[in-house]
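Residues per chain, in single letters:
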Amino acid sequence: MYFIFSKVLLFLILPIYWVAVLLVIAAISKERKRRQRFLIAGIVVLYVFSAPFIINIFEKIWDIRSEPLHNNQKYSCAIVLGGFSGSGGPDGGHFNSSADRFIQGVDLLTTKQASHILISGGSGLLIPGEYREARWAKLQLKKLNVPDS
């Protein structure tokens, strides 16, 4: 239930929908002053949420800095967030632009900095398709001669 609610909430909080609603109200409003206010509000909201310098400020506030790994430090588990692959490709899947998280996790495992690897995640789609990232990731780990135990 929470998963479905999060998808609906995401739809409602996206600024482009705010802009669309404001512009639709401006278009259907009969009163000239009200139409102007909603039109200006729509343009201001569009500008605020699409201006790169404002987005960069919020990104710096929101982002969490990564901690450097120490070469002599040993970890019990490398946790790899899912979302590093997509459907398609010769094996049924392919790496996407987030593949670095998979590569870094396997690197920690093969250099013995981590004794285990835990791959988390799953489909973020409301109605998932046939592709399963876990099965494909297991196949990739087998190709890299990573033991499954």
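Since the structure is predicted, the reported quantities are computational estimates derived from the model, not experimental observations. Within each chain, residues carry numbers counting from 1 in the order of the written sequence. Confidence filtering applies because this is a predicted model: local features only for residues at pLDDT of at least 70, side-chain atom pairs given and counted only at 80 or more, and all residues used for totals across whole chains, interfaces and linings. Based on all heavy atoms of the structure, the side-chain values leave hydrogens and waters out of the count.

A. Just the overall build of the protein chain, in detail. Each helix and strand in the protein chain was counted, giving 6 helices and 4 strands. Secondary structure elements are defined from DSSP: runs of H or I of at least 4 residues count as helices, runs of E of at least 2 residues count as strands, and each element is numbered from the N terminus. If you list the helices and strands of the protein chain from N to C, you get α-α-α-α-β-β-β-α-β-α. For the radius of gyration, the atom set is restricted to C-alpha positions; the globular benchmark scales as 2.2 Å times the number of residues to the power 0.38. Rg of the C-alpha trace for the protein chain: 23 Å, well past the compact-globule value of 15 Å for 149 residues, more than 25% over. The principal-axis extents of the C-alpha atoms in the protein chain amount to approximately 70 × 35 × 30 Å. Relative accessibility thresholds used throughout: buried, under 20% of the residue-type maximum; exposed, over 50%; partly exposed, between the two (1.4 Å probe, protein chains only). Split into buried and exposed, the 149 residues of the protein chain put 19% on the buried side.

B. Inspection of the packing of helix α3 (residues 32-50) against helix α4 (residues 52-62) at higher detail. Interaxial angles span 0 to 180 degrees and are taken between N-to-C directions of axes, which are lines fitted to C-alpha atoms, for helices over the stretch in contact. Relative to each other, α3 and α4 sit at 55°, their axes nearing to 5 Å. With respect to each other, α3 and α4 are oriented oblique. Listed contacts from α4 to Y47, V48, F49 and S50 of α3 are P52, F53, I54 and I55. Looking at the contact of α3 with α4, its residues break down into 7 nonpolar, 1 polar and no charged. To sort the angles, those under 35 degrees are grouped as roughly parallel, those over 145 as roughly antiparallel, those from 65 to 115 as roughly perpendicular, and the leftovers as oblique. Contacts between residues were defined by any pair of non-hydrogen atoms, one from each residue, lying within 4.5 Å. Charged means Asp, Glu, Lys or Arg here, nonpolar means Ala, Val, Leu, Ile, Met, Phe, Trp, Tyr, Cys or Pro, and polar covers whatever is left, Gly included.

C. Representation of the packing of aromatic side chains in the model. Stacked, tilted and edge-to-face pairs are distinguished by plane angle, under 30 degrees for stacked and over 60 for edge-to-face with tilted covering the rest, among Phe, Tyr and Trp rings (Trp via its six-membered ring) whose centres lie within 6.5 Å. Within this structure, the stated rule accounts for 5 aromatic pairs. Between W18 and F49, the aromatic rings sit 5.5 Å apart at their centres with planes inclined by 85°, giving edge-to-face as the arrangement. Here W18 is found in helix α2 (residues 15-28), whereas its partner F49 is found in helix α3, with 31 residues between them in sequence.

D. Highlighting the side chain of Q140. Position of Q140 among the secondary structure elements: in helix α6 (residues 133-143). By relative accessible area, which is 10% here, Q140 ends up buried. The residues touching Q140, leaving out its near neighbours within four places in the chain, are D91, F95 and F102.

E. Region of interest: the confidence of the model for the protein chain. On average, residues of the protein chain score 87 in pLDDT, and 99% of them reach the 70 mark or higher. By mean pLDDT, helix α1 (residues 2-13) is the weakest element of the protein chain at 81, and α3 is the strongest at 94. Along the chain, pLDDT gives the predictor's confidence residue by residue, from 0 to 100.

F. Geometry of the packing of α2 against α3. Close contact between α2 and α3 brings their axes to 8 Å; oriented N to C, the two are set at 165°. Between α2 and α3, the interaxial angle falls into the category roughly antiparallel. As α2 runs across α3, the sense of the crossing is left-handed. Residues P15, I16, W18, V19, L22, L23, I25 and A26 of α2 form the contact with α3, whose own contacting residues are R35, F38, L39, A41, G42, V45, L46 and F49. A class-by-class count of the residues in the contact of α2 with α3 yields 14 nonpolar, 1 polar and 1 charged. Crossings are classed by handedness, with left-handed meaning an anticlockwise turn of the near helix from the far one by less than a right angle and right-handed meaning a clockwise turn.

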